[in-house]
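An overview of the molecular structure
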Amino acid sequence: MNEALAVIRSAGMRDIIASAHALIFDVDGTLAETEEVHRRAFNEAFAEAGLDWFWDQVTYARLLRVAGGKERIRAFDQRNAVPMLTFAEIADLHRIKTARYAALIASGGCPLRPGVRAWLAGARSRGQRLAIATTTSHGNIDALLSISLGLDWADQFEAIVAGDDVPRKKPAPDVYTEVLTRLGLGPADCVAIEDSGNGLAAAARAGIPVVITRSTYFSDDDFTEALLVVDDLSDIDT
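Residues numbered from 1 in each chain as written. Predicted model: local features only at pLDDT ≥ 70, side-chain atom pairs only at ≥ 80, totals over all residues. Heavy atoms only, no water.

1. With respect to the overall build of the protein
The line we're drawing: Secondary structure elements are taken from DSSP: a helix is a run of H or I of four residues or more, a strand is a run of E of two residues or more, and numbering for both begins at the N terminus. In this treatment the radius of gyration is a C-alpha quantity, and the globule benchmark scales as 2.2 Å times the residue count to the 0.38 power. Exposure categories follow from relative accessible area, calculated using a 1.4 Å probe and restricted to protein chains: below 20% of the type maximum is buried, above 50% is exposed, and the middle band is partly exposed. Only heavy atoms matter for contacts: two residues are in contact if any of them lie within 4.5 Å across the pair. Each accessible area value is a Shrake-Rupley result obtained with a 1.4 Å probe; residue values ignore everything except the protein chains displayed when judging cover. In this tally, Asp and Glu contribute negative charge and Lys and Arg positive charge; neither His nor the terminal groups of the chain are included. By convention, charge coordinates are those of NZ in Lys, CZ in Arg, CG in Asp, or CD in Glu.
When its secondary structure is counted, the protein shows nine helices and six strands. On C-alpha atoms alone, the protein measures out to a radius of gyration of 18 Å, which is about the 18 Å that the 2.2 N^0.38 rule sets for 238 residues. In terms of its C-alpha atoms, the protein occupies a principal-axis envelope of roughly 55 × 40 × 30 Å. In the protein, which comprises 238 residues, the proportion classed as buried is 52%. Considering only contacts in the protein between residues 6 or more positions apart, those separated by 24 or more positions represent 64%. Accessible surface for the protein amounts to roughly 10,700 Å². Of this, 53% is attributable to carbon and sulfur atoms. The positive charge centre, built from 24 side chains, and the negative charge centre, built from 34, are 2 Å apart in the protein.

Okay, here's the thing in structure tokens:
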């Protein structure tokens, strides 16, 4: 696409985004580049639990195709002919990881991505409704956004749906259909903001148009179904 066409396309997308009744945000990779913090927290949890596991970036990138932290632990454990961990042990391990993640986020090392604050402020100024649809847990959302947006961050979002709130995680559409139910809106009334192929598939299956903001671990995913693909949200001023 040449530069002139890119400007025309961006202008058209800006109008679509600004006219939506609600903007629905993913969290990990979309609001902030959290995945390296998650990876570190997993590895610290493994060490604390006495496991000789270590997820390097290549391993973690592969595991990110599995939605959900407990599910990733299970997938990694099942590489063995006989898995080591019970479901209860996986849940305990994930609780350790979640606590480590919260502590790492509290140290202030994971700011919001460029353009996120401007998008949130622009939506509020236009009277657009805001929501969250994510695979991560409520605890992880709170750990990130209480630091980034303040302790009253949840007041900014009318619906907050996390992975444990629904039967199936992304790429299933469940978190998005639940957000639509809570908002009382149709899919065409909303725009979803995502960073991954799984997130795009989840929103698209719910019928919601999607803007992709590329993140570190998912930059090479197939985004052909997206309304717009940008490097970060500062690339398009709404």
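2. Focus on helix H7 (residues 138-148)
Of the positions making up H7, those classed as buried are Asn 140, Ile 141, Ala 143, Leu 144, Leu 145, Ser 146 and Ser 148. Against helix H2 (35-48), helix H5 (87-106), helix H6 (116-126), strand S2 (129-133) and strand S3 (159-161) lie the buried residues of H7. Of the residues one or two after H7, Gly 150 is the one with positive phi, at around 100°.

3. Quick notes on the nonpolar core
Operational definition: Grouping buried Ala, Val, Leu, Ile, Met, Phe, Trp, Tyr and Cys residues that are joined through side-chain atoms within 4.5 Å yields what is termed a nonpolar core.
Within the largest apolar cluster, 37 residues are counted, with the highest numbers of intra-cluster contacts made by Leu 23, Phe 25, Trp 119, Leu 145 and Phe 157. Beyond its immediate stretch of four places on either side in the chain, Phe 25 contacts Leu 31, Trp 119, Leu 120, Leu 130, Ala 131, Ile 132, Ala 133, Ile 193 and Leu 233. Counting residues in hydrophobic clusters, the runner-up holds 24 residues, among them Ala 133, Val 179, Leu 183 and Ala 202.

4. Focus on the pairing of S2
Basically, it comes down to this: By the convention used here, strands pair only if DSSP detects at least 2 bridges between them. Crossover handedness is defined here as right-handed if the route from the first strand over the helix to the second strand goes clockwise, with the strands pointing away from the viewer.
Buried residues dominate S2, accounting for four of its five residues. The sheet contact formed by S2 and S3 spans three bridges and is parallel. Among the inter-strand pairings, Ala 133 is bridged to a residue of S3, identified as Val 161. Following the backbone out of S2, through H7 and into the adjacent parallel S3, one traces a crossover that is right-handed.

5. Details of the packing of aromatic side chains
To keep it simple, the criterion reads: Each Phe, Tyr or Trp ring, with Trp reduced to its six-membered ring, pairs with another whose centre is within 6.5 Å; inter-plane angles below 30 degrees give stacked pairs, above 60 give edge-to-face pairs, and intermediate values give tilted ones. Consider the ring centre and the ring normal. A charge sits over the ring if Lys NZ or Arg CZ is within 6 Å of that centre and within 35 degrees of that normal.
One pass over the structure, following the stated rule, counts 10 aromatic pairs. Ring centres 6.1 Å apart and planes at 25° place the aromatic pair Trp 55 and Tyr 60 in the stacked group. For Trp 55, a relative accessible area of 0% translates into the label buried. Judged by its relative accessible area of 0%, Tyr 60 is buried. Aromatic side chains Tyr 60 and Tyr 217 sit 5.6 Å apart centroid to centroid with 85° between the ring planes, which places their arrangement in the edge-to-face category. Residue Tyr 60 is located in helix H3 (residues 57-63), and its partner Tyr 217 is located in the loop between strand S5 (210-213) and strand S6 (228-230); the two are separated by 157 residues in the primary sequence. When its relative accessible area of 13% is taken as the criterion, Tyr 217 is described as buried. Chaining the aromatic ring pairs together yields one cluster made of Phe 42, Phe 46, Trp 53, Trp 55, Tyr 60, Phe 76 and Tyr 217. Between the NZ or CZ atom of Lys 97 and the centre of the ring of Tyr 101, over which it lies, the distance is 5.1 Å.

6. Regarding the side chain of Glu 35
The cut-off we apply is this: Any carboxyl oxygen of Asp or Glu that lies within 4 Å of a side-chain nitrogen of Lys or Arg is treated as forming a salt bridge with it.
With respect to the element layout, Glu 35 can be found in helix H2. For the buried Glu 35, no salt bridge exists, and the shortest N-O distance to an oppositely charged side chain is 5.0 Å, to Arg 72.

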